[in-house]
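Descriptive analysis of the structure
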Amino acid sequence: MSKKQNGSHRHADVLATDPDLPAVAVDPQQAEAEDRRWTPAKIALWVGVALLGGIAWTILAIVRGETVNAIWFVFAAVCTYLIAYRFYSKFIERNLLKPDDRRATPAEYKADGKDYAATDRRVLFGHHFAAIAGAGPLVGPVLAAQMGYLPGTLWIIIGVIFAGAVQDYLVMFFSMRRGGRSLGQMAREELGVIGGTAALIATLTIMIIIVAILALVVVNALGESPWGVFSVSMTIPIALFMGVYLRYLRPGRVTEVSLIGFVLLLLAIVGGGWIAETAWGAELFTLDRITIAWGIIIYGFIAAILPVWLLLAPRDYLSTFMKIGTIIMLAVAIVITRPEITVPAITPYATSGAGPVVAGTLFPFLFVTIACGALSGFHALISSGTTPKMIEKERQTRFIGYGGMLMESFVAIMALVAALSIDRGIYFAMNSSAAATDGTIEGAVAFVNGLGLTGVNLTQEALSTMASNVGEESIVSRTGGAPTLAVGIAQIMQGVFGGSGMMAFWYHFAIMFEALFILTAVDAGTRVARFMLQDSIGNLVPRFRDTSWRAGAWICTAIMVAGWGAILIMGVTDPLGGINTLFPLFGIANQLLAAIALAVCMAICAKRGLFKFLWIPALPLAFAAVVTITASFLKIFSPVPAIGYWAQHTAFKNALAAGEESFGTAKTVPAMEAVVRNTAIQGTLSIIFVVLSIIVIATAILATIKAFRNGGGTETEDAAVASRIFAPAGLMATPAEKELESQWAAVEPGRRPARTGH
Amino acid sequence: MSVPQVLHRARDTARELAWLFKGVMGENAYQAYLDHHERTHPGGPPMTVREFWRDKTDRQDANPEGRCC
């Protein structure tokens, strides 16, 4: 036990400020006074926010009309986020993290002008948001919509406030205090070799499953869709062109090339429509799912070994551009069109667990189906990576970490609204597996009307009209969430731009938007996983540590691609439907990673001696642990075949042993054998995840107890360095911050330690 | 406010937004590097635009960043 912590002022001697310069931090007492001064205008504002939020929640949760307007989802979400940000995140800041703006951040004391560069808080917010937001918050809420609108809305909003945003904020802050160390490194330091190694293996396997299931979402969106296949494959030459442009023609013109890329992307979407209508185009680009899956596997391997500048970097620019633009556009469109939602608040599937989209009851499966948007473990990898190396001042982590995650949660709410706004019959026809609908319009109508849902009467005409409106051959059993969301977005957008004639364009625009994120995540995920694997193998064969060694890089890339590729092919060929059996595994994996991250945060808080407020990370950790461990146990031990992987495995095995030639939705012996094989893999993965996570959580609890007995623990933060720059903490500068900013502006430029930006 | 003032303010806001957008896209990286270079190593010449962006993507090659799901 070396130094113990006693609040943030223990470095007072080191943190003496330069007498020639203005203060580098707002005086804590002045900031506190500003916070506590409740002017009538301020009181009126917050009472207004609380009232509007309260009315919105009353309409969503208590009033039971025939329909509910989508605008109430927006109000409920935004008002609750504002209150949580203003009060709860500030509570965490004040009592748990205690950031000290007199301390330099890694961006200042390690500044190299490249990786470590102090970046304007608003710019970094955008960067961080673009890195954390992807297809996850768009897909999960769509699948969870089968349980009604209320469970998903409640979980997305409450979950983000007490779990997701807390995780992102804590991980970012602790990583920043440790020079931008990664989650894996922090786990090793805080939890020891066993916990650290388990966390590393868990992260690696979790990445494989996440990449595989994201790829499955794209395959399902593009299968039998010549328009989608053409426009999405055109993103590859567009990205290559952008890469060459940036490297040889006009280096550094990122915005310019992104605009060019965006225009080309729009042409690719429009062109896809023309080409899909020609005989040769339809023939060339109508691909079955297995071919597309192989295409993505080959693409993933090549993209991960090509130099970054050629494909990944330009793709990333394009994806950031689309992400920010489309999300703003969708928010505006929802507010303008305000669709009426006819879905009931809670459907019987929440309690029966017999939903055709994803099997399982509300607890625990709602909480694993909606992972990103409420709580996403993957964010811990981003929050402990690039972002903490670019933070200008410590107090900005609240805005960037907590605030960034609230923004992602809002994206999830918009995705939920889009999915809820489409006709329920069409929703179920699109999201029930082909095993249930036979993949035909007749089969889908018979299946959906046979579900016995009140108020749902699907007609063949409704399905074929919607298919032709969105420019697809068929929309039956387009599982995976992406096509449903695309129909929802198309319906909302056509209300603002272009009318029903533009629906096909908007549908394919939305598909493109999701495919672009996912393919970027596939590239980047494979690359990150390859480096992690190289590092791990490097412990045994030192040569693998050298990441510039071509053969080693190729071998490790091939291993990672084979890992997710095998699961992808398994999902595509699964006789039980693929996404509905695999998606829970995705959510469980993501939440287990969150549990790992929160466990590390809890151990760090305990070592800082902050036992009184340990519940801040412990509460979401306990919830995530209970949810994911229960879900994993159900996946492993449930006797219901639709839920338990091994129950399904045994049922098919027994059927084969009894000499049956068809069982359930598997119509042939090879299909039955495939089910036996797939369920064994899925069941084994469930076991691996849950065992690794229990090890990590247990070591974190042990570390916490040990710290409690000792009244704290070893300091793992970097040494404090005095800061020589100033910047405001939140989106807007407070009066005290404005005052300091003007003092800094008055310092002659030669003496001012420059900030980046303006 | 008079008309020229309004126009002036609108232009400032537009500039600010453009600067913010470029920042989010990552375009300001070279300028940030130049500023840093000027502050810390006034001796040696900084990398040129072309060299800087090459170096940047090479560093990304060696230290991949994750993208979230």
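Residues numbered from 1 in each chain as written. Chains lettered and ligands numbered in written order. Predicted model: local features only at pLDDT ≥ 70, side-chain atom pairs only at ≥ 80, totals over all residues. Heavy atoms only, no water.

As a further point, take the packing of aromatic side chains. Where two aromatic rings form a pair, the distance of their centres and the angle of their planes describe that pair. Residue and element names in this part refer to chain A. Under the definition given, this model contains 37 aromatic pairs over all chains. Measuring from centroid to centroid gives 5.8 Å for Phe 241 and Tyr 245, while their planes differ by 50°, and the two rings are tilted. Of this pair, Phe 241 and Tyr 245 both sit in helix 9 (residues 226-249), four residues apart, roughly one helical turn. Note on Phe 652 and Phe 663: the rings are 4.9 Å apart at their centroids and 85° apart in plane angle, and the pair reads as edge-to-face. Here Phe 652, found in helix 27 (residues 645-657), pairs with Phe 663, found in the loop between helix 27 and helix 28 (669-710); they are 11 residues apart in sequence, far enough to count as distant. Judged by relative accessible area, Phe 663 falls into the partly exposed class, the value being 27%. A cation over a ring is seen here: Lys 42 above Trp 38, with NZ or CZ 5.0 Å from the ring centre. Geometry around Tyr 85 places Arg 398 over its ring, the cationic atom sitting 4.4 Å from the centre. (Phe/Tyr/Trp six-rings, centres within 6.5 Å; stacked < 30°, edge-to-face > 60°. Helix = DSSP H or I, 4+ residues; strand = E, 2+ residues; numbered from the N terminus. Buried < 20%, exposed > 50% of the residue type's maximum accessible area, 1.4 Å probe, protein only. Lys NZ or Arg CZ within 6 Å of the ring centre and 35° of its normal.)

A word on the nonpolar core. Across soluble globular proteins, nonpolar side chains have a tendency to be buried as a group. All names here are of chain A. Counting residues in each nonpolar core, the largest one holds 244 residues, and the members touching the most others are Ile 92, Tyr 402 and Trp 564. Ranked by residue count, the leading element in this core is helix 8 (residues 183-222), at 24 residues. Once residues lying within four places of it in the same chain are set aside, the contact partners of Trp 564 are Ile 208, Val 211, Ala 212, Ala 215, Ile 296, Ile 297, Gly 300, Val 522 and Thr 526. (Core = buried A, V, L, I, M, F, W, Y, C linked by side-chain atoms within 4.5 Å. Contact = heavy atoms within 4.5 Å.)

Take the packing of helix 12 (residues 289-305) of chain A against helix 24 (residues 550-573) of chain A next. Residue and element names in this part refer to chain A. Their axes nearest at 10 Å, the elements helix 12 and helix 24 cross at an angle of 160°. Looking at the two axes, helix 12 sits roughly antiparallel to helix 24. For the pair helix 12 and helix 24, the crossing hand works out as right-handed. Judged by residue contacts, Arg 289, Ile 290, Ala 293, Trp 294, Ile 296, Ile 297, Gly 300, Phe 301, Ala 304 and Ile 305 of helix 12 engage Trp 554, Thr 557, Ala 558, Val 561, Trp 564, Gly 565, Leu 568, Ile 569, Val 572 and Thr 573 from helix 24. Taken together, the residues of the contact of helix 12 with helix 24 break down into 15 nonpolar, four polar and one charged. (Axes fitted to C-alpha atoms, helices over the stretch in contact; angles between N-to-C directions. Parallel < 35°, antiparallel > 145°, perpendicular 65-115°, else oblique. Left-handed = near helix turned anticlockwise from the far one by under 90°. Nonpolar A, V, L, I, M, F, W, Y, C, P; charged D, E, K, R; others polar.)

On to unusual backbone geometry. Residues and elements named next belong to chain A. Cis geometry marks the peptide bond from Phe 363 to Pro 364; its omega dihedral reads 0°. At Arg 338, a residue that is not glycine, the phi angle is positive and equals roughly 40°. Summarising the element assignment, Arg 338 is placed in the loop between helix 13 (312-337) and strand 2 (340-341). A relative accessible area of 42% places Arg 338 in the partly exposed class. A positive phi is found at Asp 438, a non-glycine position, where the angle reads about 65°. Structurally, Asp 438 is set in the loop between helix 19 (434-437) and helix 20 (441-449).

This brings us to the interface of chain B and chain A. With 32 residues of chain B in contact, the opposing surface of chain A contributes 59 residues. Both faces considered, chain B and chain A share a buried interface measuring about 3,900 Å² in area, 63% of it formed by carbon and sulfur atoms. Across the contact surface, chain B and chain A share four salt bridges. The salt bridge involving A:Asp115 is made with B:Arg59; its shortest N-O contact spans 2.9 Å. For the interface between chain B and chain A, the tally reads nine residue pairs in polar contact (both at pLDDT 80 or more). If you list the elements that add at least two residues to the side of chain B that touches chain A, you get helix 1 (3-25), helix 2 (29-40) and helix 3 (49-62) of chain B. (Buried area = accessible area lost by both parts, 1.4 Å probe. Salt bridge = Lys/Arg side-chain N within 4 Å of Asp/Glu carboxyl O. Polar contact = N/O pair within 3.5 Å; in protein donor to acceptor, adjacent residues only side chain to side chain.)

The residue A:Phe378 is located in helix 16 (residues 378-383) in this model. Along the sequence, A:Phe378 and A:Gln460 sit 82 residues apart, while their C-alpha atoms lie 41 Å from each other.

With that settled, consider the confidence of the model for chain A. Overall, the prediction assigns chain A a mean pLDDT of 92, with 97% of residues at 70 or greater. Across residues 1-9 of chain A, where pLDDT falls below 50, the model places 17 contacts with residues more than four positions away in sequence or in other chains. (pLDDT = per-residue confidence, 0-100.)

Going through the model one piece at a time under the given rule, you end up with 12 cavities of 30 Å³ or more. The space that makes up the largest cavity amounts to roughly 160 Å³. Considering the residues around the largest cavity, the lining is formed by 15 residues, among which A:Leu246, A:Arg247, A:Trp309, B:Trp53 and B:Thr57 are closest to the centre. Listed by contribution, the elements that provide at least two residues to the lining of the largest cavity are helix 9 and helix 13 of chain A together with helix 3 of chain B. Here the element with the most residues in the lining of the largest cavity is helix 3 of chain B; it accounts for six residues. Split by residue class, the lining of the largest cavity holds seven nonpolar, four polar and four charged. (1 Å grid on protein atoms, 1.4 Å probe; cavity = no way out; pocket = protein on both sides within 12 Å on 5 of 7 lines; lining within 4 Å. Points joined across faces, edges and corners; volume = space filled by probe spheres on them.)

A few words on the pattern of salt bridges. Where charged atoms of side chains with opposite charge meet at close range, the side chains can pair. All names here are of chain A. Applying the stated criterion to the full structure yields 27 salt bridges over all chains. Asp 718 is the salt-bridge partner of Arg 181, the closest N and O atoms lying 2.8 Å from each other. Separated by 537 residues along the polypeptide, Arg 181 in the loop between helix 7 (149-177) and helix 8 and Asp 718 in the loop between helix 28 and helix 29 (735-746) bring together distant segments of the chain. This pair shows no difference in class: Arg 181 is buried, exactly as Asp 718 is.

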